[in-house]
Structures are given as structure tokens and as C-alpha cells.
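# Structural description and commentary
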4 protein chains.
Amino acid sequence: MTIHFKRRYAEAMTSPMPSAQLVADLVDANRILAHQGIVDAFGHVSARHDARADRFLMARNLAPGLVTAADLLEYEVATGEAERRDPPRLYLERWIHSEIYKARPDVMAVVHNHSPAVLPFAIARGARLQPVCHMSGFLGSGTPLFEIRDHAGDASDLLIRNRPLGTALAQCLGAARVVLMRGHGCTVVAESVRVAVYRAIYTEVNARLQLQASMLGEVQPLTPGEADATQLTNEGQVERPWNLWRERARAAT
Amino acid sequence: MTIHFKRRYAEAMTSPMPSAQLVADLVDANRILAHQGIVDAFGHVSARHDARADRFLMARNLAPGLVTAADLLEYEVATGEAERRDPPRLYLERWIHSEIYKARPDVMAVVHNHSPAVLPFAIARGARLQPVCHMSGFLGSGTPLFEIRDHAGDASDLLIRNRPLGTALAQCLGAARVVLMRGHGCTVVAESVRVAVYRAIYTEVNARLQLQASMLGEVQPLTPGEADATQLTNEGQVERPWNLWRERARAAT
Amino acid sequence: MTIHFKRRYAEAMTSPMPSAQLVADLVDANRILAHQGIVDAFGHVSARHDARADRFLMARNLAPGLVTAADLLEYEVATGEAERRDPPRLYLERWIHSEIYKARPDVMAVVHNHSPAVLPFAIARGARLQPVCHMSGFLGSGTPLFEIRDHAGDASDLLIRNRPLGTALAQCLGAARVVLMRGHGCTVVAESVRVAVYRAIYTEVNARLQLQASMLGEVQPLTPGEADATQLTNEGQVERPWNLWRERARAAT
Amino acid sequence: MTIHFKRRYAEAMTSPMPSAQLVADLVDANRILAHQGIVDAFGHVSARHDARADRFLMARNLAPGLVTAADLLEYEVATGEAERRDPPRLYLERWIHSEIYKARPDVMAVVHNHSPAVLPFAIARGARLQPVCHMSGFLGSGTPLFEIRDHAGDASDLLIRNRPLGTALAQCLGAARVVLMRGHGCTVVAESVRVAVYRAIYTEVNARLQLQASMLGEVQPLTPGEADATQLTNEGQVERPWNLWRERARAAT
């Protein structure tokens, strides 16, 4: 199957080619995020090209649950545009990805989604998503919130539909791993596709836990020291959930 | 399959025939709404006839998840009755559809449902469903609430079971895209079947988000300008979720 | 399949035989309630024998989702015991059924369950389950609550494990259609298996709606007149959901 | 199948062998807990060796939903280490199991998980999980909460990653059947694998019920006498849910 993927994918790619592993992981990431309910028909996941840091890979405008290797395109970090002439329809918010890759050389993968339990934290005034469980220490001391009204006025369509908005979002993200977007969703970054998927899924899990805990009493977040320690430990085990999620997502299609 | 659909469907239709695309979309709409949990055994979706504006298409009295093209009938906008003599059992609330098509020439599709997260907003006194996320800008400045007691007294069965109640509902809807019905559900309209399905699904998503956000703090709705802008943007992308939902619904049956 | 069912079933039955339709409906009821999440491994559904009113049919001690016609037994209304000598293990709470059939000649089917959204109303002091939606008018002016401590003291296992407790439960039910049981679940009755299944499912739906609505504001229940009118209308349409649920439950096994 | 299991399993086992039944139950327990959503990719279940009480069986480091008999290893109660030389990667928290087996000779099975509805009770300050339903009388007079900060300081990774932390957890558990772990999850013990699975699943069910009931009013827990009586009754019926869960879990894979 890998060979078949490579052949079809090659038509859309230029040399040097990204590794077959990266392509396979990115396809699986699309399927896993859809199967786990982190994305519905919307949302997207990208990976920085592993043979040239000024490019990244992402699907054409398509529901993540339907993405195959043949749907992946190369994009330029500099411009956020496909490197191919006459590309198919692209995601409207590709500058989320390009501007974060530009601002954060450490980032190798980006997930943007409308994660259902996370969104309430991006809707309720003053709500703050914090790590409440050892699986989500990567949330650190809490997630910044991007208010697009500060950049695009109060009649925008909330989308990161151009490069300056992508720059503003990347600035709001700063050194964090997750940024909430008011009335819209969130964006998650990581040093690999697998860790980005892990973080996107456990950001959702954490939001669900925090909302329910807040109905029972005062929420106790992890301390900064606990957040750091749990992040290190758990992300060293990312193969365990990845293998399960991949099997489940493949079985479902 | 389209040809097979047309042949069976033709038995229940008169000339001019609706387009095969419209018939296919209406069948898919029934299946998608059921598969996405927007309708259970109850609820219905209709489409205005695309070759004659004084007719609309809707299934006979049947759970939407079981509807095929052979179950579709033509109804008259003027009366809300099937044009066919000796029709099978019809939906009790067909005047929801006929009176909205009469009052709103722009409307080409109508969904009526008991959407589970929307209903609490039609039960709690003073609750107000508002767009809280960029996917549901079509909710505009909030949804009107139809109180049937104002029209049928306080011992009705809550159904829109005759033409005058349909007229009253259509008046309450006014120029909006969604109307809540107290203790009953909601009705959603659009300029196409695909957009109506999109709106019905994201009305449910929005209700879920708003309820959860309200437990975390004060809910920040979209501004009217944001609602307009997001509605325009997102409904231009309706093919993306439609294709996913259709594939999922077909795979499930 | 019906013939096969009858042959295996006959081994456990005496003459006059219940109708094949009743047997088929009771098997389907078990499967539907399990598939819809109204029962898990526990809970049971029975039907009064349609050829002799002093008997009822119910499975042996088995998870409802696994019940086939071969698992059905005849029980005596008078004693709550199986009419067969050396019966297999029986449900511990069979007197729920026998005592209600004794007290309520109008009742032809009984469902007992631990319906997940209903139970909170049987746990929170002072909570009251009321019809909030037109699909659940059968809840009338609200559901009585059975407090077993009033009959078995404060160290019982909460089960209706003998005839006197069954009698007390039937008295608490009175003329109602649903009785809540504190810390335990609920019992639902109807004039047919299909209506009993309908009521059990929509009691759960109503509980979910009422809980969520209560978080948004003051809950507006149906008026007594609305409850009566909606009950009449909707239960005349019970074939529609039954056919859907049956198809879904059969497809799942 | 059992024979096949035994042969592959034998490679990792020493004499005396555990019973084939125990091995089969432990594999099923892994699959059931995953299928019922009690564990995701994390969490683990063990069984004390039924031919030598100083050993226990548990999988290598693997998502429970993927565990087969070939993945099971023998561990020493004394040390918490695999008895095999050069074992594959082990669960980081195996001392949860070893130290409980050491402190509690009555315990024959241990489940550790991050059960989604239980965790909020381990996050909200002052929340207390209590039995609110007759299915969960085993929760007794409520569950103790393990605060790892009291033992490992406020910058730990929250894991029971060594023997002393296992000892501290076992002390906190005391004579109870379930111990909550702040910001982490819970651990459930029982006198058999089947009862441990039952308790883990109904701890989750009870947590869901208690959270929802707390939104409707003051929660009424079982009395201590009711907790004892229901525990005895229900755990005598554990075959009923076990058979259902096993069938469902096997059908899903």
C-alpha cells in the first residue's frame, strides 16, 4: 500500500520527496482525528516536510475523514500557498499552518479543529482551559485565547483567511502548545505528527473533564511542575495510543 | 442507481418530473439527518419541486432513516395535501412545509426535527439560542420561539396539524432561518436541501456548545456582523460536509 | 424464522399458546431496549399472555440483549413464579411484573430498567420527572417515586425481591404509566409491548431534555391537557418508531 | 482457541501454569474494559496467579484493547518486576498492582484506569464519590482519595512509578474496593477478574449518575446497610453482565 501511495502522491510532489513514513502518518492523522471526533467535516492537520523545512504537507480542501495520500499537497511556509501550479481548492485557513511553521522552527506538525468540548472554553467569557489530569500536562499553565476582533474587527468571518491573521495567531500562541480561538476552535502544535494528534485528542479529553469537575466544585489544576513532569512522561509513550487509534480508524473505513 | 430510483419514483410523480439530483439529495438528506442523530423516528425533510414551484416533495409517513426514493410523494403548496389520489399515510405536520413554502418564495428546503440539544432551549423559560461559533452564523441574531398555546390553546397536542397553525408558524419564522417550537422541536429552512441539512446539523452543534459554555460563564455570541460574514463563508463550503455525511450515512446502511 | 421460534419456544410453553406475534414482539422488545441503551445487562420486559390473562411471558435470568424466543418462560400472575417445574434461574425482581399485572388489568406489558438519564431523578431529593416534550405526554402530571425504605427498612438491597414489595410498588404506581424507584431505576407499563417500549425510550429522552433544560432556566412542563392530547396522538403512531428500532436492533446482531 | 492461547502464552510462563480460565478471563477483561470505554489506550488490569499467590499476570506495555494471551507476562508480587529475563517494555505503574496484592491477600484482581466520569471526582476539591444506585453498593461509604503530593511532592508526574508510591497507594486504599487518584484516575480491586471488571464499569456508571443527580438537587446516597446488601446481591449476578460484555467486545474485534 505504501508503494501505491507513493506513486499517486508523487504526482503532486517535487523533489526531494518527504519520507514515506511522514506521508503515512499524515494520512493516518487525518483519519484518526476524524474517527476520534476531534474534527468533523472541518479542521485540518499538516506536517512540516522532513526533507526541506520551508515546505509543509497538507490535504486539499477535503473532510479529514476522506483524505488519502493522493490528496496531499506541498505548501510553502513563506507564502502559505501550494507550490503546485493550478492546485485544487485549498483550505481557507492555510495561514494558520504556514505562519506557525515560520514563527516556531521547533514545530513539525499543526492541528486545527473545532473540538466539541474545547469550544465552550473559547465561548464563555473568562473561562480558562487548564491541565487537570496527568495525560494533558502539555497544556502547561493554561492556554492563551486568540480574539480575532482585536485584529479583524467585529464583523469578520472569524477565519484565519490571510497571512497577517496567521501571524497574529502565531504570536498569540507564543511558546505554548495549544491556542484557543474565540467562537471558532483551537490550534495544537507539536514536534511530530503523532504527538500533535495525541495533544489534540487529550486537549478534548481534558476539556470534558474540566467542565464536569467544575460542576462538582473548585477545579484543582496540575502545578506547573506536575504539568512539565507529566508532559515528559506521557509523550514518551505516544506510540501506545497511536497504534490503537490507527487500528481503530483503519478498521472503521 | 439513479435510473432505478427514477423508475420507481416515477410511479408516484406527475410531469414535469423533478430533477434526479433533487430526488437523490432528498433521499440522502433523510438518511444523513437520521445518521447524524438530528431526527430519530420522527421529523421530516422536504424540497420544493425544482420544475414547478407550487409543489414540494416529501416522504410518506415513515422514519427518515428508512426513506427511499420510492417513498417520496408530491404535495401541493396551496393545500399541504398529496397531489396523488389515495395516498399512503402522510406526516401529520405537513403544513409546516406547505405554509413556509407559501410564505417564503426563497425557501427551497425545510427540515422539521426534535433535535436533542436544541429542545432544551425550547423548554426552559427565557432561554435563547444564539450563534456562538463560526459554523452557525446562520442563526443570525437568535431564533424566534413559536408558542403554540397562543394559537391552539393550552390543551393541544402541540402538532402543526392544520393549515392555520402552519400559517402561524411561518409568521413566527418570519425572515429567520430557524424557528424553535416550545416543547416540540424546531424547523429549519434554506435555499437548497444541502444547506438545510447543514443548518439543521449545526443548529444542534451550536446548542450543545451554548449549553456547555453557559455552565462555564457568560456566553459570548457572534456579533450580527460576524453572523452574516460566517454564514456567507461557511455555506459556500457546504459540499465538504455534505460529501462526508453522505458517505457515512450510505456506509451505515 | 417465526416457525423456528415457535418450535423452540413451544418446549417451554403450555397450551393455549401465546400468539406468534406476541412472542416475536417480546423478543424484539428485549433487543430494542438493549440496542437503545435503555437496559444494559440488567432490566427486563414482560408481556401478559394474550390467550390467558393470568399468565405473563418473560425471559429467564439473562441480559435482554441476548434474549431469544427460546429463553422465554411463562409466569403466573398470582404467584410471580414460573409455571414450569425446575425452571432455569429467574429474574430476582419478577414480582414487579406479577403484582402490576394483578393490580392493573389494563396493563399488557411491563418494562423495568435502570435508564441512565432517568436515574438521577430517582437519586436527587425532590427532583420531579415531568413531561417537557410532546413525545412524552404519557408522563401525565409527573411520575410517582417509590421509596423502598418505607417498606423494607433502610438496609435492603433495593430489589423488589418478594410479593409484598411488588404489591407496594404497584400501589405506588397507581394509575400512572411510569414509577421511579429511588436509587434503582423505573418501571413503565402500557397496553401493549410496542407502546411499553415506546414509553421506556421516551421516558429516557424526556429525562435528558429536562435535565439539560433545567440548566438553562425554569422548566416549562406540558399542561395536563397537552399531556393527554400528545399522548393520544403520538401513541397512535407507534409503528413508525417501532419499525425503525426493530430494524436497527436486528441489524446490530 | 483456548489451546492456541495456551501454547503461545506458555512461552512467557513458568510452571506451575495459571489456569486456562484465568488467562481467558484476563484477556477478555482487557477487551471488555476497552470496549466499554473504561480504559482508552492507557490503564491496565491484572490477576493474581491462581497457582501461586506470589505472582500476578498482566500484559506488557500495550493498549488494553489490543491485548492477547501472548502479551501476558508473569510479575512478582514482591518486586513488581517481570519474572522473565529481558522482558518487553512494561507498564510504568506496575507497582499499583504488586503493592496491592502484597497488602491485600483477599484481592485477586486489580484494574487501574482513567475512567472518564470518575476523574472529575478526583479533580474537584472536596468532591466525594458515593454509591447512589443499587448497582454500585460496593462503593460502600464512599471512596478514599489518594493525593500524590503528600508522597512525591508537587512536581511529580503523578504516576505510581516505584514501589514506595505503590505502598502509599495501597495504604490509602485500605480495606476499600476503589481508590481515587487526584488528577489521574482510580484503582479498583476485587476477589476475581470478573468482579473487578464489574466494579470498574459500575464505578463509572455511578459517577455519571451522581454528577447528573447533583445538578437536580441534593444527592441521596445509599445507606451503609443498603450498600452492603446491594453489593452482596449484585455481585452474585456478575455472570449476567460478564457474558453480555464479553460477547459485545468479541463481536467488535
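Here, every reference points to the structure presented above.
Throughout what follows, the structure given in this document is the object of discussion. (Residues numbered from 1 in each chain as written. Chains lettered and ligands numbered in written order. Predicted model: local features only at pLDDT ≥ 70, side-chain atom pairs only at ≥ 80, totals over all residues. Heavy atoms only, no water.)

## Examining the relation of the copies chain C and chain D
Between chain C and chain D, the superposition needs a rotation of 90 degrees and an axial shift of 0.0 Å, giving an RMSD of 0.0 Å. Taken together, the rotation and translation describe the operation of a four-fold axis. Across chain C, the rotation axis passes nearest the C-alpha of C:Met215, at a separation of 5.6 Å. Residue by residue, only 3% of the interface of chain C is reproduced at the interface of chain D, so the copies engage with different surfaces. (Least-squares fit on C-alpha atoms with pLDDT ≥ 70 in both. Contact = heavy atoms within 4.5 Å.)

## Some remarks on the pairing of strand E7 (residues 185-190) of chain C
All names here are of chain C. Within E7, six of the six residues are buried, which leaves the element mostly enclosed by the surrounding structure. Burial along E7 is two-sided: the residues Gly-185, Thr-187 and Val-189 and Cys-186, Val-188 and Ala-190 are all buried. Looking at chain direction, strand E4 (residues 109-113) and E7 are connected through five bridges and run antiparallel. Paired with Asn-113 across the bridge in E7 is Cys-186. Pairing geometry for strand E6 (residues 178-181) and E7, over four bridges, is antiparallel. Residue Val-179 lies in a different strand from E7, and its bridge partner there is Thr-187. What sits between E6 and E7 in their antiparallel hairpin is a turn of three residues, with Gly-183 showing a positive phi close to 65 degrees. (Buried < 20%, exposed > 50% of the residue type's maximum accessible area, 1.4 Å probe, protein only. Helix = DSSP H or I, 4+ residues; strand = E, 2+ residues; numbered from the N terminus. Pairing = 2+ DSSP bridges.)

## Focus: the interface of chain C and chain D
Across the boundary between the two partners, chain C contributes 37 residues, which contact 31 residues of chain D. Of the roughly 3,000 Å² buried between chain C and chain D, counting both surfaces, carbon and sulfur atoms make up 61%. Summed over the three residues of chain C that lose the most area to chain D, namely C:Phe42, C:Ile123 and C:Arg125, the buried surface amounts to 23% of that side. With a shortest N-O distance of 2.9 Å, C:Arg149 and D:Glu226 are connected by a salt bridge. Between the two partners, chain C and chain D, sit 15 residue pairs in polar contact (both at pLDDT 80 or more). The residue makeup of the side of chain C that touches chain D, split by class, is 20 nonpolar, eight polar and nine charged. (Buried area = accessible area lost by both parts, 1.4 Å probe. Salt bridge = Lys/Arg side-chain N within 4 Å of Asp/Glu carboxyl O. Polar contact = N/O pair within 3.5 Å; in protein donor to acceptor, adjacent residues only side chain to side chain. Nonpolar A, V, L, I, M, F, W, Y, C, P; charged D, E, K, R; others polar.)

## Notes on the packing of helix H6 (residues 193-216) of chain A against helix H7 (residues 224-235) of chain A
All names here are of chain A. Two elements in contact, H6 and H7, have axes whose closest approach is 12 Å; the angle formed by their N-to-C orientations is 125 degrees. The angle between H6 and H7 places the two elements in the oblique class. The interaxial crossing formed by H6 with H7 has right-handed handedness. Residue-level inspection shows Val-195, Tyr-198 and Arg-199 of H6 in contact with H7, the latter providing Gln-231, Asn-234 and Glu-235. When its residues are assigned to classes, the contact of H6 with H7 shows two nonpolar, two polar and two charged. (Axes fitted to C-alpha atoms, helices over the stretch in contact; angles between N-to-C directions. Parallel < 35°, antiparallel > 145°, perpendicular 65-115°, else oblique. Left-handed = near helix turned anticlockwise from the far one by under 90°.)

## Describing helix H6 (residues 193-216) of chain B
Its 24 residues give H6(B) an end-to-end C-alpha distance of 35 Å, which sits within 8% of 34 Å, the value for a rise of 1.5 Å per residue. Judged by how many residues are buried, H6(B) sits mostly within the fold: 18 of 24 residues are covered. (Expected span 1.5 Å × (residues − 1).)

## Looking at helix H2 (residues 20-35) of chain C
All names here are of chain C. With 16 residues, H2 ought to run about 22 Å at 1.5 Å a step, and its terminal C-alpha atoms sit 22 Å apart, in line with that. Counting buried positions over the 16 residues of H2 gives 12, a clear majority of the element. What H2 keeps buried is the set Leu-22, Val-23, Asp-25, Leu-26, Val-27, Asp-28, Ala-29, Asn-30, Arg-31, Ile-32, Leu-33 and Ala-34. At the exit of H2 stands Gly-37, carrying a positive phi of roughly 80 degrees.

## Focus: the packing of aromatic side chains
Throughout the structure, instances matching the rule amount to 24 aromatic pairs over all chains. Where D:Tyr198 meets D:Tyr202, the ring centres are 4.9 Å apart and the plane angle is 40 degrees; that geometry is what we call tilted. With D:Tyr198 and D:Tyr202 both in helix H6 (residues 193-216), this residue pair falls four residues apart, about one helical turn. Overall, the relative accessible area of 0% leaves D:Tyr198 in the buried class. For D:Tyr202, a relative accessible area of 2% translates into the label buried. Ring pairs connect the aromatic residues A:Phe42, B:Phe138, B:Tyr198, B:Tyr202 and B:Trp245, which therefore count as one cluster. (Phe/Tyr/Trp six-rings, centres within 6.5 Å; stacked < 30°, edge-to-face > 60°.)

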